[in-house]
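The chain contents come next:
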Amino acid sequence: MASTDVKVIGAAPSPFVNRVQIALNLKSVDYEFLEEKMGSKSELLLKSNPVHKKIPVMIHGGKPICESLIIVQYIDEAWTDGPSILPSDPYARAMARFWAAYVDDKFYPTFRAFGSAEGEEAKAVAREQLMEAIMLLEDAFAKCGKGKDFFGGDTIGYLDIAIGCFLGWMRAVEKMSDIKLIDETKTPGLFGWAKRFGSNAAVKDVLPKTETLVEIAKMMAAKAKAQ
Amino acid sequence: MESKEIVKVVGFWVSPYSLRVEWALRLKGVEYEYIEEDIFNKTPLLSELNPVHKKVPVLIHGEKVALESLIILEYIDETWKQVPLLPEDPYDRAMARFLADLGEKLFVNAFMALCSEGDEKEKTLKLATEAVEKIEEELKGKTSKFCGGENMGYLDLALGWISHWLPVWEEVGCMKIVDPIQFPSTTLWMENFLNHPVIKEKLPPRDKMVIYFQWLRKEMVSQIAKYGPNGAWAILKLKSPPNYR
């Protein structure tokens, strides 16, 4: 597959972009990465995603696909000779999709709210909601993984990608807020899974380093204060 | 039709999310038992079936419980192979999913436009109209009756609520979102959708919908005045706070 046949418009620190990169790596698909500059949107991005104007966008053979989870499903369906990303059983697929939707609709906004909460009371409320969401994901790990290494079973799957993309930022937040989000005693399932996911060949060069993300967070906070 | 396990749908009579699940099953000729859930007086059954969100619809298939209407549509399509709903080509599938997602955002914005006043109403109305513009663009090129081609498919079922719920909301909310002159392709598609035999026989009665949404609008307007948009959603526990993504 020619590397110019697949392009990904994104930014390295974006967990949503990381989802696409991990999926392409799992299928051993070469791609050209077009990095968006922070604070501006390229012509190509605006042309490829006129509806939402957001990253990631994947362009395959000239055709753009948008929305990270839709892109991951597309990757699974377009490249069928690599390992499967979604499970083959319809019910397992429905469960994986349900939890991935939960991550986008509930976990992510809660995580963001915690990161941006100001004041002791707001922080405490946001922290409680975030920990509740994480406990639900711990439960989901037991239900979906059924004692195996990943949410997807023996190998990384759709739900692993949907959740695992946030590990970099979660570690950055842990460092900056002096809090444990994934804890060995409280969330043993997620704890072990996070190690395995992070060290997987398809993932390890994609998830940004904690220090890099902490720097970015500090820069964004300074920018916000200056405005 | 391989599966002999019992199929049940837990729904709410006027929820487009629960109707789309019923439409999908009917299109495929799958028999099911319907269980009505009063979403304002939720039963322990719903909490048991959907502990995370406590929302309808729920599809019960034997021992399995599927949640979230669009996810349920894909489950139905993958379980009962007759009358395929999603297209075969991966790119067409991605487009169908993308537009279905856009339809969900239109739903939230149109509903907020129905339930708000002043600046908030204007803002959400604008967002809703922009979403319809995108849908119109998609439908404009097509010569076929439905999004799925000559037969109805996933995207028709996902967007179908527009043809029956939006006109009611426009009436109750004194607003116009789908102007037939501005959006001729969407308007034609809406007519085709409503005239499909499976859809025609499974639509909530319009007069009851008008009464229901008049009541709901009044409730929401007063809650929003007291608690703001996010607070009102939480109190009525209808949906998560709208994300104007």
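Residues numbered from 1 in each chain as written. Chains lettered and ligands numbered in written order. Predicted model: local features only at pLDDT ≥ 70, side-chain atom pairs only at ≥ 80, totals over all residues. Heavy atoms only, no water.

**Student:** Explain the environment of Pro64 of chain A here, please?
**Tutor:** Relative to the assigned elements, Pro64 of chain A resides in strand β4 (residues 63-66). Given the relative accessible area of 25%, Pro64 of chain A is considered partly exposed. Distance in space between the C-alpha atoms of Pro64 of chain A and Val6 of chain A is 9.8 Å, their sequence separation being 58 residues. Sequence-distant contacts of Pro64 of chain A, that is, excluding residues within four places in its chain, are made with Ser48, Val57, Met58 and Ile59 of chain A together with Tyr91 of chain B. (Helix = DSSP H or I, 4+ residues; strand = E, 2+ residues; numbered from the N terminus. Buried < 20%, exposed > 50% of the residue type's maximum accessible area, 1.4 Å probe, protein only. Contact = heavy atoms within 4.5 Å.)

**Student:** Is there a simple way to explain the sheet that holds strand β3 (residues 58-61) of chain B in this structure?
**Tutor:** Sheet strands pair by backbone hydrogen bonding; their relative direction is either parallel or antiparallel. Residue and element names in this part refer to chain B. Strand order in the open sheet made by the four strands is β2-β1-β3-β4, with mixed pairing throughout. In this open sheet, the two edge strands, each paired with only one partner strand, are β2 (33-36) and β4 (64-67). Here the strands of the sheet are splayed against their neighbours by 20 degrees on average, with no regard to which way each runs. Direction of pairing for strand β1 (residues 7-11) relative to β3: antiparallel, over a ladder of four bridges. Paired with Val10 across the two strands is Val58, which belongs to β3. Each of β3 and β4 is contacted by helix α3 (residues 69-79), which is oriented at about 25 degrees to β3, the strand it contacts most. (Pairing = 2+ DSSP bridges. Axes fitted to C-alpha atoms, helices over the stretch in contact; angles between N-to-C directions.)

**Student:** What is the right way to look at the packing of helix α1 (residues 16-27) of chain B against α3 of chain B in this model?
**Tutor:** Packed helix pairs are characterised by how far apart their axes lie and by the angle those axes make with each other. All names here are of chain B. The geometry of α1 relative to α3 is characterised by a closest axis approach of 9 Å and an angle of 10 degrees between their N-to-C directions. Comparing the axis directions of α1 and α3 gives the class roughly parallel. Between α1 and α3, the contacting residues are Tyr17, Arg20, Val21, Ala24 and Leu25 on the first element and Ser69, Leu70, Ile72, Leu73 and Ile76 on the second. (Parallel < 35°, antiparallel > 145°, perpendicular 65-115°, else oblique.)

**Student:** Where do I start with the pairing of strand β2 (residues 32-35) of chain A in this structure?
**Tutor:** Along a regular strand, successive side chains alternate from one face of the sheet to the other. Residues and elements named next belong to chain A. By the bridge criterion, four bridges tie strand β1 (residues 6-10) to β2 in an arrangement that is parallel. Looking at β2, one finds that Ile9 is bridged to Leu34. With helix α1 (residues 15-26) bridging β1 and its parallel neighbour β2, the resulting β-α-β unit is right-handed. (Right-handed = clockwise from strand over helix to strand, strands pointing away.)

**Student:** Just checking my understanding: could you explain the environment of Glu33 of chain B for this structure?
**Tutor:** All names here are of chain B. In this structure, Glu33 sits in strand β2. What makes Glu33 partly exposed here is its relative accessible area of 40%. Residues Glu33 and Lys8 lie 25 residues apart in sequence; the distance between their C-alpha atoms is 4.6 Å. Beyond its immediate stretch of four places on either side in the chain, Glu33 contacts Val7, Lys8 and Val9.

**Student:** Can you walk me through the nonpolar core in this structure?
**Tutor:** The tendency in soluble globular proteins is for nonpolar side chains to be buried as a group. Core analysis: the largest hydrophobic core is formed by 159 residues, its most contacted members being Met58 and Phe107 of chain A together with Trp169 and Phe213 of chain B. Among the elements that make up this core, the one with the highest residue count is helix α4 (residues 90-115) of chain B (15 residues). Discounting chain neighbours no more than four positions away, the residues touching Phe107 of chain A are Tyr102, Leu130, Ala133, Ile134, Leu137, Phe166 and Met170 of chain A. (Core = buried A, V, L, I, M, F, W, Y, C linked by side-chain atoms within 4.5 Å.)

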